[in-house]
Amino acid sequence: LLVNEGESLPLASLTVIEIKRPMRNDIKAGEDKDPIEQALDYIEKIREGSVKTASGRIIPNASNIPGFCYILCDLTPSLVKRVGKYDLKLTSDKMGYFGYNSNYHTYIEVISFDRLLNNAKQRNRAFFDKLGLKKIDLEINSIGCANCRKEYSTALREYFSQYKDELCPTCLER
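Residues numbered from 1 in each chain as written. Predicted model: local features only at pLDDT ≥ 70, side-chain atom pairs only at ≥ 80, totals over all residues. Heavy atoms only, no water.

1. Quick word on the packing of aromatic side chains
- Using the criterion set out here, one finds two aromatic pairs in the structure.
- Put simply, the rings of Phe 68, Tyr 70 and Tyr 107 touch in pairs and so form one group of aromatic residues. (Phe/Tyr/Trp six-rings, centres within 6.5 Å; stacked < 30°, edge-to-face > 60°.)

2. Considerations on the side chain of Ser 112
- As for its placement among the helices and strands, Ser 112 is situated in strand β6 (residues 106–112).
- Polar side-chain contacts of Ser 112 include one of 2.9 Å to the backbone oxygen of Met 95.
- Each residue touching Ser 112, except ones within four places of it in the same chain, is listed here: Cys 73, Leu 75 and Met 95. (Helix = DSSP H or I, 4+ residues; strand = E, 2+ residues; numbered from the N terminus. Polar contact = N/O pair within 3.5 Å; in protein donor to acceptor, adjacent residues only side chain to side chain. Contact = heavy atoms within 4.5 Å.)

3. Some remarks on the nonpolar core
- Ile 36, Ile 46, Cys 69, Ile 71, Val 83, Leu 88 and Val 110 are the most contacted members of the largest nonpolar core, which has 23 residues in total.
- When residues of this core are traced back to their parent elements, those giving at least two are β2 (14–19), α1 (35–48), β3 (67–73), α2 (77–85) and β6.
- Residues in contact with Val 83, not counting those within four places in the same chain, are Ile 36, Leu 88, Tyr 97 and Val 110. (Core = buried A, V, L, I, M, F, W, Y, C linked by side-chain atoms within 4.5 Å. Buried < 20%, exposed > 50% of the residue type's maximum accessible area, 1.4 Å probe, protein only.)

Don't take any of this as a statement about function, it's just geometry.
Right under this line is the structure:
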């Protein structure tokens, strides 16, 4: 996911968000298996001029635009092993990693789903308190519970099948 505020060019920064399936523990070298490598490769493709905006325009001067990659995933053993290859530092709460990759001129942050959820709860606590909602639990479920996951996955595949011609090979595979 490439994110930009507004539609004007040139962009002030490149922001790539990579979201992985919860509890994925098969991360290894290679663009199709390493979410950090996937995000950095996308930054590289943008800078090479092979990625266009939603309106079909090439992003000008992309080689000089600072990059930011955010990877949302669980901190499984295979992910933690890959993080070491990028010299990322453990966050103070031990629920993520961060660092700057000088080869790509890009800041990288790996954020665990638990950290994202905790931050969302903390950030919105005052708002919920003002509304008088003091006993709220925020739960995020990405692909359904164990009982309904297959049905949900089937529904998603059926919906996106109408857009098959617009999806990249990686999306088609997933």
